[in-house]
Amino acid sequence: MTGEHGSDEDISVETQATQLGRDPQRYFGFVNMPVYRGSTVLYPNAESLESHDIPYTYGRPSNPTTRALEEALAKLEGGARTFLAPSGLSAVSTLLLAFAEAGGHILITDSVYFPTRRFAGKVLKRLGVEVEYYDPLIGGGIAALIRPNTKLVFTESPGSQTFEVQDIPAICAAARGRNVPVAIDNTWATPIFFRAFDHGVNISVQAATKYIVGHADALLGAITCDAATAPAVAATHEALGLCVNGEDAFLALRGLRTLPVRLKQHQASALAMAEWLGTRPEVARVLHPALPDCPGHELWKRDFLGSSGLFTIVLKPQPKEAVRRFLNALRLFGMGYSWGGYESLIVPFDCAHSRTATKWQEDGPALRLHIGLEDVSDLKRDLQRGFAALAG
Ligand SMILES: *Cc1c(COP(=O)(O)O)cnc(C)c1O
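Residues numbered from 1 in each chain as written. Predicted model: local features only at pLDDT ≥ 70, side-chain atom pairs only at ≥ 80, totals over all residues. Heavy atoms only, no water.

## Some details on the sheet that holds strand β8 (residues 283-287)
The sheet built from 4 strands is open, its strands ordered β8-β9-β11-β10 with antiparallel pairing. Two strands in the sheet have a free side with no partner beyond their single neighbour: β8 and β10 (345-349). Sheet twist, expressed as the average angle between the axes of neighbouring strands with direction ignored, equals 25 degrees. Two strands pair when backbone bridges link them, and β8 and strand β9 (residues 310-315) are joined in this way by 4 bridges, in the antiparallel orientation. Looking at the pairing, V286 lines up with I313 of β9. Helix α9 (residues 246-278) rests against β8, β9 and β11 (366-370) of the sheet, and its axis sits at about 10 degrees to β9. (Pairing = 2+ DSSP bridges. Helix = DSSP H or I, 4+ residues; strand = E, 2+ residues; numbered from the N terminus. Axes fitted to C-alpha atoms, helices over the stretch in contact; angles between N-to-C directions. Contact = heavy atoms within 4.5 Å.)

Listed below in structure tokens is the structure:
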């Protein structure tokens with residue numbers, strides 16, 4: 001990672017992460033932004049109550065702490081405006097709702113995070129939106145699926161279970177020609193490793209719960225828009241009454257300070273683990289965008305500035321009981337959902353039944369690993385314990 005992204009007067013992202021969203025002299029010199037809480041905001045006089053000419057008018061839309069985070073994320077992503085949501089999923093659903101209309105058509109990658117698919121199936125369909133899934137590796141071929149009533153193309157690159165890297169520039173070029181906005185779930189790479197707006201994306205969503213908060217202690221989502229898409233998202237976001245409290249925004253601002261250095265370590269450790277796992281006889285396949293066996297690896301090399309800590313291994317076919325023994329023998333890898341914190345995690349998954357446009361072809365059990373900030377040799381020893389138990 002070079003950090004030379006050319007944004008914000010050519011200050012590197014490492015430096016930006018330490019600077020954005022704070023203004024010590026406004027807060028008596030304290031380095032960090034204070035946590036604001038509150039609903040009512042008092043207007044100074046009747047005239048301002050009529051004109052709303054004060055920076056904050058009510059606690060729901062924003063307070064100084066949440067706005068500092070919005071402004072920091074907008075700059076870091078390189079977008080025009082960021083809207084916060086109480087979880088990554090609510091950021092995704094708000095964004096989809098902003099473009100949903102009866103009779104409209106929305107294209108979603110088949111590799112999408114399952115709860116995004118569930119929202120589309122349970123809510124968008126009921127509103128009369130036609131949702132169509134496409135092959136994540138479709139690239140410029142998306143042009144053939146875009147119709148006059150297409151309202152949005154939704155991408156997730158790489159897919160957060162199966163890790164197909166999408167040809168985002170080709171998808172954006174096809175959509176731009178038809179005036180259709182493209183959104184990305186950019187949670188895996190964050191703006192540190194994928195500069196979504198530089199590649200033509202209009203909206204970048206973060207489950208900030210993951211790397212931005214970074215410590216598994218808060219849930220948060222962020223939708224960053226370019227100038228053209230911001231009004232639609234602003235209207236839906238406001239109408240839904242979404243709000244984020246100052247404490248969680250503070251935790252995200254704190255996470256931001258160390259995001260680039262944490263990601264460098266996640267990158268190095270995950271690569272070391274993925275390469276080592278590739279040499280294990282029990283492992284059939286490693287799906288890590290920075291390794292050649294991953295679908296779309298060449299696109300990752302072309303478009304991304306780094307790789308984060310999340311990847312998948314497919315074991316050679318094993319009985320379920322052997323996989324249970326493997327998991328139960330682990331002491332450092334926790335079993336649990338979410339990721340992006342300092343701790344290593346592992347979860348088995350089976351996505352065969354959640355795909356509709358493509359097929360998941362692997363025979364063996366799949367395990368998704370998040371490599372945290374522990375020492376790599378300790379993590380290898382932990383998995384060795386698991387492999388020993390797997391053998392029985
Ligand atoms: C976790 C995750 C989300 C949802 O985030 P929450 O904060 O858990 O709601 C969305 N997209 C991806 C890719 C995720 O991994």
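## Digging into the UniProt feature "modified residue: N6-(pyridoxal phosphate)lysine" (unreviewed entry) in the protein chain
Taken from the UniProt record, the annotation "modified residue: N6-(pyridoxal phosphate)lysine" (unreviewed entry) applies to K210. Mapped onto the secondary structure, K210 falls in the loop between β6 (203-207) and β7 (221-225). Relative accessible area serves as the criterion here: at 9%, K210 is assigned to the buried category. (UniProt positions renumbered as here; feature names shortened; annotations may be inferred. Buried < 20%, exposed > 50% of the residue type's maximum accessible area, 1.4 Å probe, protein only.)

## What to know about the packing of aromatic side chains
Summed over the entire model, instances satisfying the criterion amount to 7 aromatic pairs. Put simply, the rings of W188, F194 and F304 pair up and form one aromatic cluster. The lysine or arginine in question, R117, covers the ring of Y133, its NZ or CZ lying 4.0 Å from the ring centre. (Phe/Tyr/Trp six-rings, centres within 6.5 Å; stacked < 30°, edge-to-face > 60°. Lys NZ or Arg CZ within 6 Å of the ring centre and 35° of its normal.)

## Description of the pairing of strand β3 (residues 130-134)
Where strand β2 (residues 105-109) lies against β3, 5 bridges are found, and the strand directions are parallel. Looking at β3, one finds that L107 is bridged to E132. Viewed along the sheet, the connection from β2 through helix α5 (residues 114-124) into β3 turns out right-handed. (Right-handed = clockwise from strand over helix to strand, strands pointing away.)

## Considerations on the packing of helix α3 (residues 64-77) against α9
At a closest axis distance of 8 Å, the pairing of α3 and α9 adopts a crossing angle of 35 degrees. Between α3 and α9 the crossing geometry is left-handed. Residues T65, T66, A68, L69, A72, L73 and L76 of α3 touch α9, and the partners they reach there are G246, A249, F250, A252, L253, L256 and L259. When its residues are assigned to classes, the contact of α3 with α9 shows 11 nonpolar, 3 polar and no charged. (Left-handed = near helix turned anticlockwise from the far one by under 90°. Nonpolar A, V, L, I, M, F, W, Y, C, P; charged D, E, K, R; others polar.)

## Notes on the site of the ligand
In the vicinity of the ligand, the contacting residues are S87, G88, L89, Y113, E156, S160, D185, A207, T209, K210, L219 and W339. Contacts to the ligand include T209, whose side-chain N or O atom sits 2.5 Å from an oxygen atom. The separation between an oxygen atom of the ligand and a polar side-chain atom of W339 is 3.2 Å. The protein chains hide 91% of the 380 Å² of surface that the ligand would expose on its own. (Near = heavy atom within 4 Å. Polar contact = N/O pair within 3.5 Å; in protein donor to acceptor, adjacent residues only side chain to side chain. Areas by Shrake-Rupley, 256 points an atom, 1.4 Å probe, with all protein chains shown as cover.)

## Overview of the pattern of salt bridges
Applying the stated criterion across every chain, the model contains 16 salt bridges. Where K151 meets E101, a salt bridge forms, and the shortest distance between an N and an O atom there is 3.7 Å. Of the two residues, K151 is situated in strand β4 (residues 150-156) and E101 in the loop between α4 (88-99) and β2; the sequence distance between them amounts to 50 residues. The class of K151 is partly exposed, set by a relative accessible area of 25%. Measuring nitrogen to oxygen at the nearest pair gives 3.1 Å for the salt bridge that ties E132 to R147. In this pair, E132 is assigned in strand β3 and R147 in the loop between β3 and β4, connecting sequence segments 15 residues apart. When its relative accessible area of 21% is taken as the criterion, E132 is described as partly exposed. Overlapping salt bridges bring together E130, E132 and R147 as one network. (Salt bridge = Lys/Arg side-chain N within 4 Å of Asp/Glu carboxyl O.)

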